[in-house]
Each structure stands twice: as structure tokens, then as C-alpha cells.
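Structure at a glance
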Amino acid sequence: MSADSPVHIVWFVRDLRLCDHAPLTEALHQAQQSGGAVLPLYIVDPARTQAEDYAARYWHFVWPCLQELRHRLEQRGAPLVVRQGPAVDVLKALQERFPQMTLWRHYETETADVRARDARVQAWCRAAGVPLHERFHRGAFPGLKSRDDWSGRWDQRMTQSLIPSPGQIPAVADVAPGRLPTVEELPLRDEGFDPDEMQAPGEGAAHRCLQDFLHHRAAQYRASISSPARAFTNCSRLSPHLTWGTLSLKTVLHMLRERQQALKAQPSGGDWQRALQAFESRLHWNGHFIQKLDDAPRIQHESYIPAFDAARAGAAPDAHLEAWRTGQTGYPMVDASIRAFRATGYLNFRMRAMITSFASYDLWLDWRDFAPIMARWMLDYEPGIHYPQVQMQSGTTGINTMRIYNPTKQVTDHDPDGTFIRRWVPELRPLPTGYLAEPWKTPPLVQEEVGCHIGQVYPLPIVEHLPAVRKARERLTAIRKEPRVQAAAARVLKQHGSRR
Ligand SMILES: Cc1cc2nc3c(=O)[nH]c(=O)nc-3n(C[C@H](O)[C@H](O)[C@H](O)COP(=O)(O)OP(=O)(O)OC[C@H]3O[C@@H](n4cnc5c(N)ncnc54)[C@H](O)[C@@H]3O)c2cc1C
């Protein structure tokens, strides 16, 4: 290959896989047609790793995914090339070496920092005459004019054929592969994460996780989805794989359809079908939410209806945020959920919603202060889901019913035997189960007898739930009644509301 031969750079970002990878497959096809080569690239870009919402735990997960990707690409003849630095600088250096370069990548719905980075890359490509081809692998459609036809477009995209992983890849000779920095070598922050609790990373693990769910764990899915303890094993646990792209959403849909088809032939398949139906609807939500951030990137930093921002800004004492962040609110279900999330990177939907509701309504915290903290806890941090969900659970969309969770009721409903609380709030282990929902009501004699003094080993409630949420509801309801807010809510509904 001469210096002037075409080189197709495939830039892996949050698509760390070989199966169902359109940019890689198309780049390979073009290279084969034109006698060129393919250069798979990963950029460790400070625009991402140094952002406020990036945590070391992501790299704990991504690093082995990249090692595996590198190995699989090596087997096909074109090892992954890793570079560190701002993306434009990395691409510029590659173009000096390969003047006939074309760039391929997947489109992503990203945060402001990454969008700005991507805009710089696009501007540079235009100026340098480097063709940039983007393909879609999630459920968002940039520049969507109307939500009315979103579902149909989503179905159309997700039912396209799966793209098999490629065979031999013609590589570029004499390019240093570059070292993948370890988590210790990057200036990354984290809090409370235990890598031993992390779920298995990589494309192979993603496929095993999917098959295991579809053939075994899904049987318990519907019964477990709200239980913070059982969700750990019986929900699909595909979210980090979808976020980091070790599995495409389309692959999940295709495998799901195959399984649904096979179950039709089984007389006892009804319960399974219902479980898989519940799972399938959540796969739609994935794209439904990502579309919201794609349509309105400002909602990462301001409420759907900005009138809500003034109400909470700077209103809560710092101690409230600190108690919430460290799982020391005095409400066992809230504290167990926060501590589990911080340690493992995972929490089921209901408990994510509950800790958000607690922060927003009980503690009257501004979601803009705690959303980035929460983002750093989740191994599956997907900005397009995260910010719209945080706002929905905080009552700032103006179109959703206010969902206020009672943290005491969540214990009796979803952890009646205290398994989850005892696991994550060990201070309360000696308490009889009946007192775990409201430990401050434990009679002093019982506290003395079991040696668990509430207010000493474990905090008293930081706020009183019912009066706090009553006040919060009144304040938000008053804002919602303002004519300008109602007009804004109508616009939000038109732009973002589900049409189903
Ligand atoms: C405040 C808040 C923030 C959230 N932030 C994220 C996030 O950053 N990334 C993320 O993947 N999910 C987020 N979720 C949604 C949901 O909690 C997780 O998708 C789910 O718990 C992941 O576990 P699972 O893969 O086992 O889910 P399953 O129940 O097995 O669902 C399968 C897949 O469907 C999608 N899904 C499920 N529930 C939802 C939902 N409510 N909204 C959108 N998609 C959904 C996810 O892609 C998930 O992996 C958030 C929820 C809340 C309340």
C-alpha cells in the first residue's frame, strides 16, 4: 500500500463491538473496492474523560472491552490503534500520514462537552477535505421534525438485517498500535466504587448476558423488576452493554424476536411472552428518551420548563446534598439504594426514581446539582436517558404527573424481609425486620437490647417525609398553574410526548 492509498479510519466511541457495526463493515467494503486499508481507532480524549460527568468506573468497564476488541481485530489482521489527546489533534496527525483518509463512525446523542468536540471534528473534516460518514445504531433521529412518526421509523431501523462481524480486514502497515492507559494512569475521579461488584465487560459477556436473560432469567423479570435485591439478577442487566455499545439495540431486538418466535410453539409460553413483552417495551423507552436529549440538548443544563429552575436553585442546605450523596439521610431504603449504586454501578429503575424523588421533593435539591453526581455512579450512564429521566422524576417537565415515592412504603413493598437494606446499611443489621422501614421508631429498649442506637450508629431522618413533600408539591403545583408555564408545557408535550 502506498502513502496515497485510501485509508478508512473507523473511530470507535460507544460502539465497542464487531457484530452489527455498520461503519466498520462499510469502511471494509470501500477498502476492498478501492484497494485501500482500514484503521480501527480509539481516542482517549480529555474532552470526555475530564468532563464533570465522567467517572473512573467507566474506564474500569471500557478498558477490558477495548482489550477484547483489540484482540478480535488483531485476529482479523487490523489491530485497534489507540491514541490519547484531543480528537482533532489525533485525526490531524493521522491525516498527515494518510492524506487519502476517510472517517467513519456511529452517530451518538451526547452531552454538551462531547457535542462541542464532535462539532470541532466535523469542522476540521470539512476544512481538511476528509469525508466523514456517520451511521446510526441507537433509537434517535437527529433533526426529527415531528414525534408522530418516531415509532414507525424506530421499527424500520431496528428490523433491518443484522450485520455479521467482519472477516479479514486489510490493515495499514507500520502504525504503532499505542498503549491503552490503565485506570491508574488517567486522572479519573470516583467515589465508593468496588470493581469486584462490577458486571462482566466486553462483547462476549454482552452476548452471554443477553442469552442468559432470554432463556433463563426473564422468567422472573416481571416479579423482580421493582425489587432492588432481585433486579440485580433478574433484570436483563444489558444497560452498560447498550451504553458502551458492546451490544447493539438491534441485536437485542433480533434475538428477542427469535426467542418470542420459539416460545410460540410452546404451550406453556404465556408467562414468558408477557415477560418478554415487558422487556420489549423498555427497549422502546431507550430510544424514546434518547430522542428527547437529541431534540433539546439544553435539557442537560436547564429544566424543560426553565421557570422551575429558579424554585430550587440554591434553596437547600449543602448538608442535604452531602447526606444524599453519601447515603446518610436516615431513610434506610434511600441510603441502601445510594450505597448500592455507588458500590456496584447498578440500581433498578424504581429505586433510581425513588432516590431522585427523595432528592428533589423531600430535600428540595436542584436536579442540576445532583444529576452529574448520579451520572458518575452509573455504569450505564446514557445522557439521553439520564437527563430526561432525572427531570421526569423531579417534576420539571411540566407534562408528567408528579411521582413522589414514599421511602418507607418502598421498604414494605419491595424489601419486606430487609435483605437489601441489611446488605447495604450494615449498621441496621441487628434491628428486628419490623423496624427497618422506620428505624427511628424503634423503642429505646429494643435499641438497647440489640445494641443499635438510632441517632448514633445511624442518622435520624434528615427531613420529615410527608410535610416536606406536601410543601414541595404545593410549590411546584403553583408554578405549573402559571399561564406561561402551561403554554410552555403544551410545547413540551408536542415536541417530546409519547404518541403511544
Ligand atoms: C433518574 C434515572 C436515571 C436513569 N439513567 C439511566 C441511564 O443513564 N442509562 C440507562 O440505561 N438507563 C437509565 N435509567 C433507566 C433504567 O433505570 C435503566 O435503564 C435500567 O434500570 C437498566 O437495567 P436493566 O438493563 O437491567 O433494565 P431492563 O429492565 O432489563 O431493561 C432493558 C433495557 O431497556 C432500557 N430501559 C429500561 N428502563 C428504561 C427506562 N425507564 N427509560 C429508558 N430506557 C429504559 C434500558 O436500555 C435497559 O437496559 C434511569 C432511570 C432513572 C429513574
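Our next topic: the overall build of the chain. Looking only at helices and strands, one finds 23 helices and five strands in the chain. Taking 2.2 N^0.38 as the reference for a compact globule, 500 residues should give roughly 23 Å; the C-alpha atoms of the chain span a radius of gyration of 24 Å, in line with that estimate. Its C-alpha atoms give the chain principal-axis dimensions of about 85 × 55 × 50 Å. Restricting the contact set of the chain to residue pairs at least 6 apart, pairs at least 24 apart contribute 81%.

With that settled, the discussion passes to the site of the ligand. In the region of the ligand, 28 residues are neighbours, and Cys 235, Ser 236, Ser 239, Arg 282 and His 386 sit closest. Elements that contribute at least two residues to the shell around the ligand include exactly helix 10 (239-244), helix 12 (270-295), helix 16 (349-362) and helix 18 (383-394). Broken down by element, the shell around the ligand gets its largest block of residues, six residues, from helix 12. Here the shell around the ligand is built from residues that sort into 14 nonpolar, nine polar and five charged.

When cut into domains, the chain gives domain 1 (7-137), domain 2 (201-295) and domain 3 (303-496). Taken over C-alpha atoms, the centre of domain 1 sits 28 Å from the centre of domain 2. At the interface, 14 residues of domain 1 touch 16 residues of domain 2. For the side of domain 1 that touches domain 2, the per-class residue count stands at seven nonpolar, two polar and five charged.

Grouped together as the largest cluster of nonpolar side chains are 101 residues, with contacts concentrated most on Ile 9, Val 10, Trp 11, Val 38, Leu 41 and Ile 421. Broken down by element, this core gets its largest block of residues, eight residues, from helix 3 (residues 56-75). Judged by nonpolar contacts, the second largest core, of 19 residues, contains Leu 210, Phe 213, Leu 247 and Leu 249.

Restricting attention to buried positions, one finds in helix 19 (residues 407-414) the residues Pro 407, Gln 410, Val 411 and His 414. Buried residues of helix 19, seen end-on, are gathered within an arc of 105° and therefore sit on one face of the element. Where helix 19 is buried, its residues touch helix 9 (228-234), helix 15 (332-344), helix 16, helix 20 (419-424) and helix 22 (465-481).

Moving on, we come to the environment of Val 81. Relative to the helices and strands, Val 81 resides in strand 3 (residues 81-84). Distance in space between the C-alpha atoms of Val 81 and Leu 41 is 4.8 Å, their sequence separation being 40 residues. When sequence neighbours within four positions are dropped, the list of residues in contact with Val 81 reads Leu 39, Pro 40, Leu 41, Val 175, Pro 177 and Gly 178.

Taking 1.5 Å per residue, 17 residues should reach 24 Å; helix 5 (residues 112-128) reaches 24 Å between its end C-alpha atoms and fits that length. All of the buried residues along helix 5 are Val 114, Arg 117 and Val 121. One face of helix 5 carries all of its buried residues, which in axial projection span an arc of 60°. Of the exposed residues in helix 5, the ones pointing more than 90 degrees away from its buried face are Ala 116, Ala 119, Ala 123, Arg 126 and Ala 127. Positive backbone phi, approximately 70°, marks Gly 129, located one or two places after helix 5.

This part covers the sheet that holds strand 1 (residues 7-12). Pairing in this open sheet of five strands is parallel, and the strands run 3-2-1-4-5 from one edge to the other. The outermost strands of the open sheet, each flanked by one partner alone, are strand 3 and strand 5 (132-135). Looking at each pair of strands side by side, their axes are set apart by 30° on average, direction ignored. Contacts from helix 1 (residues 22-34) reach strand 1, strand 2 (37-44), strand 4 (101-106) and strand 5 within the one sheet, and its direction differs from that of strand 1 by about 175°.

Here the focus is the packing of helix 16 against helix 18. Interaxial distance between helix 16 and helix 18 falls to 8 Å at its minimum, and their mutual angle equals 55°. The orientation of helix 16 relative to helix 18 falls into the category oblique. Seen along the crossing, helix 16 lies across helix 18 with a hand that is right-handed. Contact residues: helix 16 offers Ala 353, Thr 356, Ser 357 and Ser 360, while helix 18 offers Val 390, Gln 393 and Ser 394. Residue composition of the contact of helix 16 with helix 18, grouped by class: two nonpolar, five polar and no charged.

Most peptide bonds take the trans form, and the phi angle of most residues other than glycine is negative. A positive phi angle, close to 60°, is found at Asp 174, a residue other than glycine. Following the sequence through the fold, Asp 174 ends up in the loop between helix 6 (150-158) and helix 7 (203-215). The exposed category is assigned to Asp 174, around which 7 C-beta atoms lie within 10 Å. We note that Arg 237 has phi near 60°; this positive angle belongs to a residue other than glycine. Relative to the helices and strands, Arg 237 is located in the loop between helix 9 and helix 10. Residue Arg 237 is classed as buried on the basis of its C-beta count, with 21 C-beta atoms lying within 10 Å.

What follows covers the pairing of strand 4. With six of its six residues buried, strand 4 lies for the most part within the structure. With burial as the criterion, each face of strand 4 is covered, one bearing Met 101, Leu 103 and Arg 105 and the other bearing Thr 102, Trp 104 and His 106. Bridge count for strand 1 against strand 4 is four bridges, and the pairing is parallel. The residue bridging Val 7 from the neighbouring strand is Met 101, located in strand 4. Pairing geometry for strand 4 and strand 5, over four bridges, is parallel. Note that in strand 5 the partner of Trp 104 across the bridge is His 133.

Turning to the environment of Ala 173, a few remarks are in order. Tracing the backbone through its elements, the reader meets Ala 173 in the loop between helix 6 and helix 7. The exposure class of Ala 173 is exposed, given the 6 C-beta atoms found within 10 Å. Considered as a pair, Ala 173 and Arg 342 are 169 residues apart in the sequence and their alpha carbons are 44 Å apart.

For any two helices packed against each other, the geometry comes down to the angle between their axes and how far apart the axes lie. Running from N to C, helix 12 and helix 18 point in directions that differ by 85°, and their axes come no closer than 7 Å. With respect to helix 18, the axis of helix 12 lies roughly perpendicular. Only Pro 383, Gly 384, Ile 385, Tyr 387, Pro 388 and Gln 389 of helix 18 make contact with helix 12, whose side of the interface consists of Asn 286, Phe 289, Ile 290, Lys 292, Leu 293 and Asp 294. The residue makeup of the contact of helix 12 with helix 18, split by class, is seven nonpolar, three polar and two charged.

Cut-off values and rules
Residues numbered from 1 in each chain as written. Predicted model: local features only at pLDDT ≥ 70, side-chain atom pairs only at ≥ 80, totals over all residues. Helix = DSSP H or I, 4+ residues; strand = E, 2+ residues; numbered from the N terminus. Rg over C-alpha atoms; globule rule 2.2 N^0.38 Å. Contact = placed C-beta atoms within 7 Å. Near = placed C-beta within 6 Å. Nonpolar A, V, L, I, M, F, W, Y, C, P; charged D, E, K, R; others polar. Domains from an automatic or database assignment. Core = buried A, V, L, I, M, F, W, Y, C linked by C-beta atoms within 7 Å. Buried ≥ 20, exposed ≤ 12 C-beta atoms within 10 Å, placed from the backbone. Arc of directions from axis to C-beta. Expected span 1.5 Å × (residues − 1). Pairing = 2+ DSSP bridges. Axes fitted to C-alpha atoms, helices over the stretch in contact; angles between N-to-C directions. Parallel < 35°, antiparallel > 145°, perpendicular 65-115°, else oblique. Left-handed = near helix turned anticlockwise from the far one by under 90°.

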